[in-house]
Amino acid sequence: MNKLRLVAMIEAAFFAAIAMVLDLLPSITIAPAVTISFSMVPIFIMAFRWGFKVSFLSGFLWGLLQLTTGNFYFLSIIQFLIEYFIAFAFIGFAGFFHPVIQKALKQGSKLAVSIWIVVAVFVGSLARYFWHFIAGVVFWGDYAPEGMSPVMYSFAMNGLAMLGAAVLCSIVLVILISASSRLIMKKRTAH
Ligand code: 218
């Protein structure tokens, strides 16, 4: 394993731990087990610094770490696997925008960097919440208000959580990265 791969893996684990801690902070609860928070930010930083594989790994590790805090919901083994391993890992899809973000960084175009960050955050959030939506239909239907179908309930709650989280993460990341683009620059001067 070369040195860069090792650094990437260590960062993936470290940032997963930061996401886990952020997830323990108070957040906006909109339905049982559905919250709006900015705790995906560290996984997005991995996506922009390293790309898909590293952010996928980091999201997966975050899901695993949720186990250790007791901050998770278990209805069945399939629901648990979908919502904590698959869904969290899928945040890594934001990493597909790593090449365009790095290119915009090199060109010094702050506007292009910000636009691609927002696009990537929405894609990563959509990839994650797609799974919560599926799990919501199959496993959380009992929580739907009288007269509301599980599909509508899951779509509304997970859609709202997805939008809220994506907006919060976009704001935090655009501010962070505008202030210090070094945060997501792969090429650093000092070794
Ligand atoms: C309709 C519905 N309600 C609850 C859940 C469970 N859920 C939703 C979003 C995120 C998470 C992970 C913890 O942040 C969970 C467990 C659902 N999927 N659908």
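Thresholds applied
- Residues numbered from 1 in each chain as written.
- Predicted model: local features only at pLDDT ≥ 70, side-chain atom pairs only at ≥ 80, totals over all residues.
- Heavy atoms only, no water.
- Salt bridge = Lys/Arg side-chain N within 4 Å of Asp/Glu carboxyl O.
- Helix = DSSP H or I, 4+ residues; strand = E, 2+ residues; numbered from the N terminus.
- Patch = residues over 30% accessible without salt bridge, like charges linked within 9 Å, V, L, I, M, F, W, Y side chains within 5 Å.
- Areas by Shrake-Rupley, 256 points an atom, 1.4 Å probe, with all protein chains shown as cover.
- Near = heavy atom within 4 Å.
- Polar contact = N/O pair within 3.5 Å; in protein donor to acceptor, adjacent residues only side chain to side chain.
- Axes fitted to C-alpha atoms, helices over the stretch in contact; angles between N-to-C directions.
- Left-handed = near helix turned anticlockwise from the far one by under 90°.
- Contact = heavy atoms within 4.5 Å.
- Parallel < 35°, antiparallel > 145°, perpendicular 65-115°, else oblique.
- Nonpolar A, V, L, I, M, F, W, Y, C, P; charged D, E, K, R; others polar.
- Buried < 20%, exposed > 50% of the residue type's maximum accessible area, 1.4 Å probe, protein only.
- Phe/Tyr/Trp six-rings, centres within 6.5 Å; stacked < 30°, edge-to-face > 60°.
- Lys NZ or Arg CZ within 6 Å of the ring centre and 35° of its normal.
- Expected span 1.5 Å × (residues − 1).
- Lys, Arg positive; Asp, Glu negative; His and termini not counted.
- Charge placed at Lys NZ, Arg CZ, Asp CG, Glu CD.
- Core = buried A, V, L, I, M, F, W, Y, C linked by side-chain atoms within 4.5 Å.

(A) Quick look at the pattern of salt bridges. The final tally for this structure, using the stated rule, is one salt bridge. Note that Arg49 and Glu11 form a salt bridge whose closest N and O atoms lie 2.8 Å from each other. In this pair, Arg49 sits in helix H2 (residues 41-50) while Glu11 sits in helix H1 (residues 3-22), placing the two residues 38 residues apart along the sequence.

(B) The arrangement of a nonpolar patch on the surface in detail. A cluster of nonpolar side chains, contributed by Val100, Leu111, Ile115, Trp116, Val119 and Val123, occupies part of the molecular surface with about 470 Å² of accessible area. Looking at which element gives the most residues to the nonpolar patch, the answer is helix H6 (residues 110-139), with five residues. Among the secondary structure elements, Val100 is positioned in helix H5 (residues 98-106).

(C) Inspection of the site of the ligand at higher detail. Inspection of the region around the ligand gives Pro32, Ala33, Val34, Glu83, Tyr84, Arg128, His132, Gly136, Trp140, Tyr153, Ser154 and Asn158 as its neighbouring residues. At 2.6 Å, a side-chain N or O of Glu83 approaches a nitrogen atom of the ligand. Within the complex, 96% of the 450 Å² of free accessible area of the ligand lies under protein. Elements supplying a minimum of two residues to the shell around the ligand: helix H4 (77-90), H6 and helix H7 (150-179).

(D) Fine view of the packing of helix H3 (residues 52-69) against H4. Interhelical geometry of H3 versus H4 gives an angle of 145 degrees and a closest axis separation of 6 Å. Note that H3 runs across H4; the crossing there is right-handed. Of the residues in H4, those touching H3 at Ser55, Phe56, Gly59, Phe60, Trp62, Gly63, Leu64, Gln66 and Leu67 are Phe80, Tyr84, Phe85, Phe88, Ala89 and Phe90.

(E) Broad picture of the packing of H5 against H6. At a minimum axis distance of 8 Å, the contact between H5 and H6 shows a crossing angle of 165 degrees. Taken together, the axes of H5 and H6 lie roughly antiparallel to each other. Considering the relative orientation of H5 and H6, their crossing is left-handed. Facing Val100, Ile101, Ala104 and Leu105 of H5, the residues of H6 in contact are Ala112, Val113, Trp116, Ile117 and Ala120. Here the contact of H5 with H6 is built from residues that sort into nine nonpolar, no polar and no charged.

(F) Quick look at the environment of Glu11. Residue Glu11 is classed as buried on the basis of its relative accessible area of 12%. For the pair formed by Glu11 and Lys103, sequence separation is 92 residues and the distance between their alpha carbons is 22 Å.

(G) Up close: the packing of aromatic side chains. One pass over the full model with this rule turns up 22 aromatic pairs. Relative to Trp140, the ring of Tyr73 has its centre 6.0 Å away and its plane inclined at 75 degrees; by these criteria the two rings are edge-to-face. In this pair, Tyr73 sits in the loop between H3 and H4 while Trp140 sits in the loop between H6 and H7, placing the two residues 67 residues apart along the sequence. Among the aromatic residues, ring-to-ring pairing joins Phe60, Trp62, Phe72, Phe74, Phe80, Tyr84, Phe85 and Phe88 into one connected group. Between the NZ or CZ atom of Arg128 and the centre of the ring of Phe88, over which it lies, the distance is 4.4 Å.

(H) Inspection of the side chain of Gln66 at higher detail. Relative to the assigned elements, Gln66 resides in helix H3. In this structure Gln66 touches Met20, Asp23, Asn71, Phe72, Tyr84 and Phe88, once residues within four positions along its chain are discounted.

(I) Quick peek at H3. In this model H3 runs 26 Å from its N-terminal to its C-terminal C-alpha over 18 residues, within 8% of the 26 Å that 1.5 Å per residue would give. For H3, the set of buried residues is Val54, Ser55, Ser58, Gly59, Trp62, Gly63 and Gln66.

(J) Representation of a positive patch on the surface within the structure. A cluster of like positive charges, contributed by Arg5, Lys53, Lys106 and Lys186, occupies part of the molecular surface. Position of Lys186 relative to the elements: it lies in the segment after H7.

(K) Structural detail: the nonpolar core. Core analysis: the biggest nonpolar cluster contains 46 residues, and Met40, Phe44, Phe48, Trp62, Ile117, Val121 and Leu173 have the highest contact counts within it. For this core, the elements supplying multiple residues, two or more each, are H1, H2, H3, H4, H5, H6 and H7. Here this core gets nine residues from one element, more than from any other, and that element is H7. Discounting residues that sit within four places of it in the chain, Leu173 has contacts with Val41, Phe44, Ile45, Phe48, Ile117, Val121 and Ser178.

Taken by themselves, the reported measurements are silent on function.
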